[in-house]
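Coordinate inspection notes
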Amino acid sequence: MFPHPQARLIPSGAEKGIGGDELAHYIKRAAENLDGLRPGPLFCAMRNTLASVFCYLGAWHAGRPVALLDPDLPPAALADLAERFRPAALLGFTHPLDGPPPPRTDVPDPHPDLGLLLATSGSTGSPKLVRLSRQAVLSNAAAIATALSLGPEEIAPTSLPLHYSYGLSVLNSHLVAGGAVVLTEAGLLERSFWADLRTYACTSLAAVPYQYSMLRRLRFDRSQYPSLTTLTQAGGRLAPELVEEFAAQAERFYVMYGQTEATARIAVLPPDRLADRPGSVGVAIPGGRLEIEDGEVVYYGPNVMMGYAERAEDLARGDDLGGRLRTGDLGRLDAEGFLHITGRLKRIAKVFGTRVNLDDVERLLRGSGPIAVTAGDDRMTIWTETADQPTRARLARRLAAELRLHWSGFDVRHIEHLPLLPTGKIDYRRLESLT
Amino acid sequence: MSHLDRLRAVFRVALNLPPDAGVDDLEYRAIPQWDSLAHMALIAAMEDEFSIMIDTDEMIDMSSFAKAAELLEKHGIGAAAV
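Residues numbered from 1 in each chain as written. Chains lettered and ligands numbered in written order. Predicted model: local features only at pLDDT ≥ 70, side-chain atom pairs only at ≥ 80, totals over all residues.

Attention now moves to the overall build of chain B. A tally of helices and strands in chain B yields four helices and zero strands. Secondary structure elements of chain B, listed N to C terminal, follow the sequence α-α-α-α. In terms of C-alpha radius of gyration, chain B reaches 12 Å, essentially the compact-globule figure of 12 Å for 82 residues. Considered along the principal axes of its C-alpha atoms, chain B spans approximately 35 × 30 × 20 Å. By residue count, 27% of the 82 residues in chain B fall in the buried class. The long-range fraction of contacts in chain B, counting pairs at least 24 apart against all pairs at least 6 apart in sequence, stands at 53%. (Helix = DSSP H or I, 4+ residues; strand = E, 2+ residues; numbered from the N terminus. Rg over C-alpha atoms; globule rule 2.2 N^0.38 Å. Buried ≥ 20, exposed ≤ 12 C-beta atoms within 10 Å, placed from the backbone. Contact = placed C-beta atoms within 7 Å.)

Residues and elements named next belong to chain A. Here five strands make up an open sheet; going across it, the order is 10-11-12-13-14 and the pairing mixed. Whereas interior strands pair on both sides, the edge strands pair on one side only; in this sheet they are strand 10 (204-207) and strand 14 (283-284). Bridging between strand 12 (residues 252-258) and strand 13 (residues 265-269) involves four bridges; their strand directions are antiparallel. Its bridge partner lying in strand 13, Gly-258 is registered against Arg-265. (Pairing = 2+ DSSP bridges.)

Our focus in this paragraph is the domain arrangement of chain A. All names here are of chain A. Segmentation of chain A into domains returns domain 1 (8-344) and domain 2 (348-434). Between the C-alpha centres of domain 1 and domain 2 there is a distance of 29 Å. Counting residues at the interface gives 13 residues for domain 1 and 16 residues for domain 2. When its residues are assigned to classes, the side of domain 1 that touches domain 2 shows four nonpolar, seven polar and two charged. (Domains from an automatic or database assignment. Nonpolar A, V, L, I, M, F, W, Y, C, P; charged D, E, K, R; others polar.)

Here's what the structure looks like:
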């Protein structure tokens, strides 16, 4: 049953959580509010609030596919999504559409298996939506709960946005396991976040690499939060010294690997193997299987997406992938099935947990002179033949604004001449060796 | 340059604002440029510029330009100018 009868939601500041019959009642009411809406996906502005979670669970209960989107999407981006996907309704956005959502004439109804839509993060221009079946969402939540030994005693705060697959997986896995989730919109740099952690005796904290850098900077002291026994990490490679530092503080430190295309989680490294498998992202989650095919990490499991969607018609499609996901990552498996990620097949960077296609960035910068883009840990390097510093700073600002990522993720460097291969193409290997 | 002018310059660089941007009324998360990542860059830049060590509570409480100015005074920066 989803949510589990023991599961609780605790809005920041509340005396007690909402669970059991009371939670079921609210979800039913949220579902009834959707009665009479035309067919099509629901666009839900997904904040870390009770109202957003009720919207999500209400849609789920009503059997209606729901897209959980960034609540602060710029007006043009939201209008583009509405035009392409023809939602039944849009709920809760900071910048709502000017008029009613565009008509659904001649648009087929979504496929009955479709449960959840998440945006491929960080794409330039028009993001695709990842189509996840109800079964994929439930199976991934259950697999995570098993891999992390979650139960009714677990209490996690929302330390990541719920429209981000990792953040949502924390909510879903706790709802499946009968645990509790503290809903807070505060971040790691706000006092109320830490006050909630203490007040509600949270037992775990989920974070991406840049947040671990932040925790180090904040001189995070686990002994101040005795109930906090578990730390989890996903969203890109965490530097080995940070893994070591935080593993030493927590009773259980989980290094994990996943993709939105697999709902969230693909592999988890059991904490007791951290020491003898350094650098590994773990073994496939229960019910999943990993293979290396021509060097590429390929994942098989019930949590693999049905496929992408670029427009409303695609939402009517069934399962295009048959449970097989080519991850685009390069890797190797050792004899015991531990996965090591060694590189990327596609030109993709992960910047602060968000995936960005490097070729898209180069296209975006066409017209700014000779430019090449390469990836690093939590940042990308933009190589330009422009020596002028203010111009380079403007480039970083422009990318930050267009990609909605912090400018410090863009390292704009001067290079006399971009290195070329004999074919005349840019020598990216050479550039990467310079970072 | 007064310590406040130096602080303004640190804010503009750390938040990647134009050189003529007014910063005296800025508050954390009130503008997109001052998010959690920029906050860490700002803390680091202030520690470098004024040779001070900002502790965890101070990092979290520094939620506006005015609070940052107070923090400097607490660390004895600019006290002579008062």
